[in-house]
Amino acid sequence: MALLPVLTAPNPRLKIKAEPVERVDEEVRRLMDDMLETMYASDGMGLAATQVGIDKRIIVIDLHAGENGKPPRVMKLANPEVLWASEETAFVDEACLSVPNLYAAVGRPTSIKIRYLNEHNKLVEIEEDGPLARCIQHEIDHLDGILYIDHLSRLKREIMVRKLMKARKY
Ligand SMILES: [Zn+2]
């Protein structure tokens, strides 16, 4: 396994729309494992391939990452698609490894139904709500070149990007 460099905003590569994988083979599985290792090393709970500069539609999530005593709840998804989203939305604080040390509340549907290929190349459909539904939507956004700060007002986003760039100078 290997640690991959995580890109941070405003890196233009975070804006690239990722391409679907043909199938989940050994190479994709290795990438999923490397992404998971990178995510844990960075204290994240989800990571999209876009964030490590790879334009493939792959995400990994461990909803229990960083929660002591809880067993891992790992998901490895290729080509995830939202089939349905609830009309009900909620505003909850989000953070992102590509927007380090900042957070902001983002409005998203509270429940979703998705379809994806799992690590065994099997097509799976699931319905999720709560923090996992939010995390999946956040990561799918990455594959479409969208950061959570893109859901904020322009003014708020500009303030956050300025903070990021300032933090990088020191
Ligand atoms: Zn993110």
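To be clear, the structure that these remarks concern was listed above.
Residues numbered from 1 in each chain as written. Predicted model: local features only at pLDDT ≥ 70, side-chain atom pairs only at ≥ 80, totals over all residues. Heavy atoms only, no water.

*Asks:* Please explain the coordination of the zinc ion as it appears in this structure.
*Replies:* Under ideal tetrahedral coordination, the four donors around a metal are separated by 109.5 degrees; under ideal octahedral coordination, the six donors are separated by 90 or 180 degrees. Here the zinc ion is held by Cys96 (SG), His138 (NE2) and His142 (NE2), and the distances to it run 2.1 to 2.2 Å. If you list the donors of the zinc ion from N- to C-terminus, the spacing comes out as C-x41-H-x3-H. Residue Cys96 is found in strand S4 (residues 89–96), and its partner His138 is found in helix H2 (residues 130–143); the two are separated by 42 residues along the sequence. The pair formed by Cys96 and His138 is uniform in burial state, with each residue classed as buried. (Donors = N, O, S within 2.8 Å, 3.2 Å for Na, K, Ca; no water. Helix = DSSP H or I, 4+ residues; strand = E, 2+ residues; numbered from the N terminus. Buried < 20%, exposed > 50% of the residue type's maximum accessible area, 1.4 Å probe, protein only.)

*Asks:* It is not clear to me how the pattern of salt bridges should be interpreted in this structure. Could you clarify?
*Replies:* Any two side chains of opposite charge can pair, on the condition that their charged atoms come close. On inspection of all chains with the given rule, the structure shows 15 salt bridges. Between Asp144 and Lys17 there is a salt bridge; the shortest N-O distance is 2.9 Å. Linking Asp144 in the loop between H2 and helix H3 (154–169) with Lys17 in the segment before helix H1 (26–41), this pair joins segments that are 127 residues apart in sequence. Of the residues examined, Asp144 reaches a relative accessible area of 27% and is grouped as partly exposed. For Arg57, the salt bridge is made with Asp144, and the minimal N-O distance between the two is 3.0 Å. Highlighted residues: Arg57 in the loop between strand S1 (46–48) and strand S2 (58–62) and Asp144 in the loop between H2 and H3, separated in sequence by 87 residues. Here Arg57 falls in the buried class, since its relative accessible area comes to 12%. Salt bridges sharing common partners tie together Glu81, Lys113, Arg115 and Glu125. (Salt bridge = Lys/Arg side-chain N within 4 Å of Asp/Glu carboxyl O.)

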